[in-house]
Amino acid sequence: MKAAQIHKYKQHHLELNQVAIPAVGDDDVLVKVAAASINPIDLKTRDGRLTMLLKYKMPLTLGSDFSGTVTQVGQNVKAFSVGDQVYGRVQKNRIGTFAEYIAVDQGDVALKTSNLNFEQAASVPLTGLTSYQALVDIMHVKPGDKLLIQAGSGGIGTIAIQIAKSLGAFVATTTSRKNIEMVRKLGADQVIDYHQENFEDVLFNYDFVFDTLGGKALENVFKIIKPGGKVVSLSGIPNGRFAAEYGLPLWKRLAFSLATLNISKLERETKAQYVFLFMKPSGAELNLITKMIEDGAVMPMIDRVVPFSEIQSALDYSETGRAHGKIIVTMD
């Protein structure tokens, strides 16, 4: 099969190689991939920015989420059959959806809803699960809660706004002027044009912040969070608590604790909690998101669709940070 690979970290250009179709374990389904999406974690993995958390053998096929058709099932698989149309997010130690086939644990897969095509379905797993786990599992958002979602027009933001509104939250978001109407249509109650004003100057006393930017933007959210609130970040640095929960060795726990001393200080000063989110694949939670899609509460947003032969251009475009919604690669 064809697969898009790197042979070393910081290899900018992917190579399209012929590799063996992956073996199918007893609990696996083999999926003929129809579409996959580009995500920031693909770029971070390619550039070696996750090696403190994850290390891979080379050559490495990139890609984390997918949609496609089941072509083979392991002997323990009961919930799926050959011919089922499915989608999912693979485990972090089994990435490789930028390929014609992927073997994935049955627990990380859900049946594709009929009201999404393969391209739309491929845009959902990573962003949908990340948003769901931030808003439901960690924040426990309830009606009336005030929530800031950074970068509302991005792949995560477009899904997170819709899920947050389905939970009854008051949602503020940041975006550029040209995307204001789009995020309002998604449900944002207050939109801040980050070219014109700083969110920390206009928002206050927020229950939650969903940070997708990191850096100074992450530090500034502590100016608007109320005591007892939570800041959940995808782009900040993991802290010592996360390192301990993730089972990292002591030296890495200490390293992350030192790297986040400033964030820990802001936590103490504001009496808020900082949580670094490293999303976990879950077919069960993806089924819940599927129900939201079927009910019309959530609809994926796609920026562009490119053929597999042009996957490099898709990665290059993702790196610009200008995508509005998801970038999809089709295998046909």
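An account of the accompanying structure is given in this report. None of the values given here were measured: they were computed from a predicted structure.

Moving on, we come to the overall build of the protein. A tally of regular secondary structure across the protein gives twelve helices and 16 strands. At 20 Å, the protein has a C-alpha radius of gyration in line with the 20 Å of a compact globule built from 332 residues. Overall, the protein is about 55 × 45 × 35 Å in size when its C-alpha atoms are taken along their principal axes. By residue count, 57% of the 332 residues in the protein fall in the buried class. Contacts spanning at least 24 positions in sequence make up 70% of the contacts within the protein whose residues lie at least 6 apart. In the form shown here, the protein has an accessible surface area of approximately 14200 Å², with 52% of it arising from carbon and sulfur atoms.

Next up on the list: the packing of helix α3 (residues 125-138) against helix α11 (residues 283-294). At a closest axis distance of 10 Å, the pairing of α3 and α11 adopts a crossing angle of 95°. As the angle between them shows, α3 and α11 are arranged roughly perpendicular. Taken together, the residues of α11 that come into contact with α3 (itself represented by P125, G128, L129, Y132, Q133 and D137) are E285, L286, L288, I289 and M292. Here the residues of the contact of α3 with α11 sort into seven nonpolar, two polar and two charged.

Before going further, it helps to examine the side chain of N220. Tracing the chain through its elements places N220 in helix α7 (residues 215-221). The residues contacting N220, other than those within four sequence positions of it, are F199 and E200.

For the rest of this paragraph, the subject is the sheet that holds strand β2 (residues 15-18). Strand order in the open sheet formed by three strands is β2-β1-β4, with antiparallel pairing between adjacent strands. Each edge of the open sheet is held by one strand with a lone partner, namely β2 and β4 (60-61).

Along the polypeptide, N239 turns up in the loop between β13 (225-233) and α8 (240-245). Dropping the residues within four chain positions of it, N239 is found in contact with F256, T260 and Y274.

Here we come to α11. The end-to-end C-alpha distance of α11 is 16 Å, a good match for the 16 Å that twelve residues give at a rise of 1.5 Å each. Along α11, the residues classified as buried are G283, E285, L286, I289, T290, M292 and I293. Taken around the axis of α11, the buried residues stretch over an arc of 155°, which confines them to a single face. Against the buried residues of α11 lie β6 (85-89), β8 (109-111), α3 and α4 (155-166). Directly after α11, the chain includes G296, whose backbone phi takes a positive value near 85°.

With that settled, consider the pairing of strand β1 (residues 2-6). Burial analysis of β1 places four of its five residues in the buried class, the great majority of the element. Bridging between β1 and β2 involves four bridges; their strand directions are antiparallel. If you follow K2 over to β2, its bridge partner there is Q18. One ladder, built from two bridges, connects β1 with β4; its direction is antiparallel. Its bridge partner being in β4, I6 is matched across the sheet by L60.

When two helices pack together, their arrangement is given by the angle between the helix axes and by the axis-to-axis distance. Packing of α3 against α4 leaves a shortest axis separation of 9 Å and a crossing angle of 50°. Taken as axis vectors, α3 and α4 run oblique relative to one another. The handedness of the crossing between α3 and α4 comes out as right-handed. Of the residues in α4, those in contact with T127, G128, T130, S131, Y132 and L135 of α3 are G155, I156, I159, A160, I163 and A164. Considering only residue class, the contact of α3 with α4 consists of seven nonpolar, five polar and no charged.

Criteria and cut-off values
Residues numbered from 1 in each chain as written. Predicted model: local features only at pLDDT ≥ 70, side-chain atom pairs only at ≥ 80, totals over all residues. Heavy atoms only, no water. Helix = DSSP H or I, 4+ residues; strand = E, 2+ residues; numbered from the N terminus. Rg over C-alpha atoms; globule rule 2.2 N^0.38 Å. Buried < 20%, exposed > 50% of the residue type's maximum accessible area, 1.4 Å probe, protein only. Contact = heavy atoms within 4.5 Å. Areas by Shrake-Rupley, 256 points an atom, 1.4 Å probe, with all protein chains shown as cover. Axes fitted to C-alpha atoms, helices over the stretch in contact; angles between N-to-C directions. Parallel < 35°, antiparallel > 145°, perpendicular 65-115°, else oblique. Nonpolar A, V, L, I, M, F, W, Y, C, P; charged D, E, K, R; others polar. Pairing = 2+ DSSP bridges. Expected span 1.5 Å × (residues − 1). Arc of directions from axis to C-beta. Left-handed = near helix turned anticlockwise from the far one by under 90°.

Keep in mind that these numbers describe shape and distance, not what the molecule does.
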